[in-house]
Amino acid sequence: MVYSNELKTAFADVPAKLITEAGAVSKEVAAALAEGIRKKCRSTFGVGITGIAGPAGGSPEKPVGLVFHAVATETGTEVVERNFFGDRQRVRWFASQQALDMVRRKLL
């Protein structure tokens, strides 16, 4: 997992300007993470997850539990927005399972 904005840029080629303009927790950054890591690794799929797992860090616009998931393929990128409830561990668990389910569905 990559938490810092600098590492998102270094590892997945997410433009720093995109993070500044859209926010680190946004559908745009989730898509850029998925697309960037797919290209960098030359893989079939790329997965990007960005969110606010808590316990702090939320706001009225972006509450704790807000997560954006993205799966990139050569034919496009799908982004899903979800709001999970619970503590940090639970939010992270549900976020990981949502991402795995998105990949599973692409394989069907």
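See the structure shown above.
The following refers to the structure shown. (Residues numbered from 1 in each chain as written. Predicted model: local features only at pLDDT ≥ 70, side-chain atom pairs only at ≥ 80, totals over all residues. Heavy atoms only, no water.)

On to the environment of Ala99, then. Structurally, the position occupied by Ala99 is in helix H4 (residues 88–107). Look at Ala99 and you get buried, because its relative accessible area is 5%. Spatially, the C-alpha atom of Ala99 lies 10 Å from that of Val79, the residues being 20 residues apart in sequence. Ignoring any residue separated from it by four or fewer positions in sequence, one finds Ala99 in contact with Val47, Ile49 and His69. (Helix = DSSP H or I, 4+ residues; strand = E, 2+ residues; numbered from the N terminus. Buried < 20%, exposed > 50% of the residue type's maximum accessible area, 1.4 Å probe, protein only. Contact = heavy atoms within 4.5 Å.)

Turning next to the side chain of Ser26. Within the secondary structure layout, Ser26 lies in the loop between helix H2 (16–22) and helix H3 (27–41). Within the structure, the side chain of Ser26 is placed 2.8 Å from the backbone oxygen of Gly23, a separation counted as a polar contact. Excluding residues that lie within four positions of it along the chain, Ser26 makes contacts with Thr50, Lys62 and Phe68. (Polar contact = N/O pair within 3.5 Å; in protein donor to acceptor, adjacent residues only side chain to side chain.)

Summed over all chains, the structure comprises one aromatic pair. Geometrically, the ring pair formed by Phe84 and Phe94 is stacked, given 5.8 Å between the ring centres and 15° between the ring planes. One end of the pair, Phe84, is in the loop between strand E3 (76–83) and H4; the other, Phe94, is in helix H4, with ten residues separating them in the sequence. Residue classification places Phe94 among the partly exposed residues on the basis of a relative accessible area of 31%. (Phe/Tyr/Trp six-rings, centres within 6.5 Å; stacked < 30°, edge-to-face > 60°.)

Counting eight residues, the largest nonpolar core is built from Val25, Ala30, Ala34, Ile52, Leu66, Phe68, Ala70 and Ala72. Broken down by secondary-structure element, the contributors of at least two residues to this core are H3 and strand E2 (66–73). Sorting elements by how many residues they give to this core places E2 first, with four residues. Not counting residues within four places of it along the chain, the set of residues in contact with Ile52 comprises Val25, Gly57, Gly58, Lys62, Pro63, Val64, Gly65, Leu66 and Val91. Formed by six residues, the second largest nonpolar core is a distinct cluster that contains Ala12, Val14, Ile19 and Ala32. (Core = buried A, V, L, I, M, F, W, Y, C linked by side-chain atoms within 4.5 Å.)

Tallying each qualifying case throughout the model produces five salt bridges. Ionic pairing is found between Glu21 and Lys17, a salt bridge with its closest N-O pair at 3.8 Å. Residue Glu21 and its partner Lys17 are located together in helix H2, separated by four residues, close to a single helical turn. Exposure remark for Glu21: the relative accessible area of 57% places this residue in the exposed category. Between Lys106 and Glu78 there is a salt bridge, with its nearest N and O atoms 3.2 Å apart. Placement of the pair is Lys106 in helix H4 and Glu78 in strand E3, with a sequence separation of 28 residues. The class of Lys106 is partly exposed, set by a relative accessible area of 36%. On the basis of relative accessibility, which here comes to 33%, the residue Glu78 falls in the partly exposed class. Counted as one network, the salt bridges with shared partners bring together Asp101, Arg104 and Arg105. (Salt bridge = Lys/Arg side-chain N within 4 Å of Asp/Glu carboxyl O.)

Any link to function would need more than the numbers given here.
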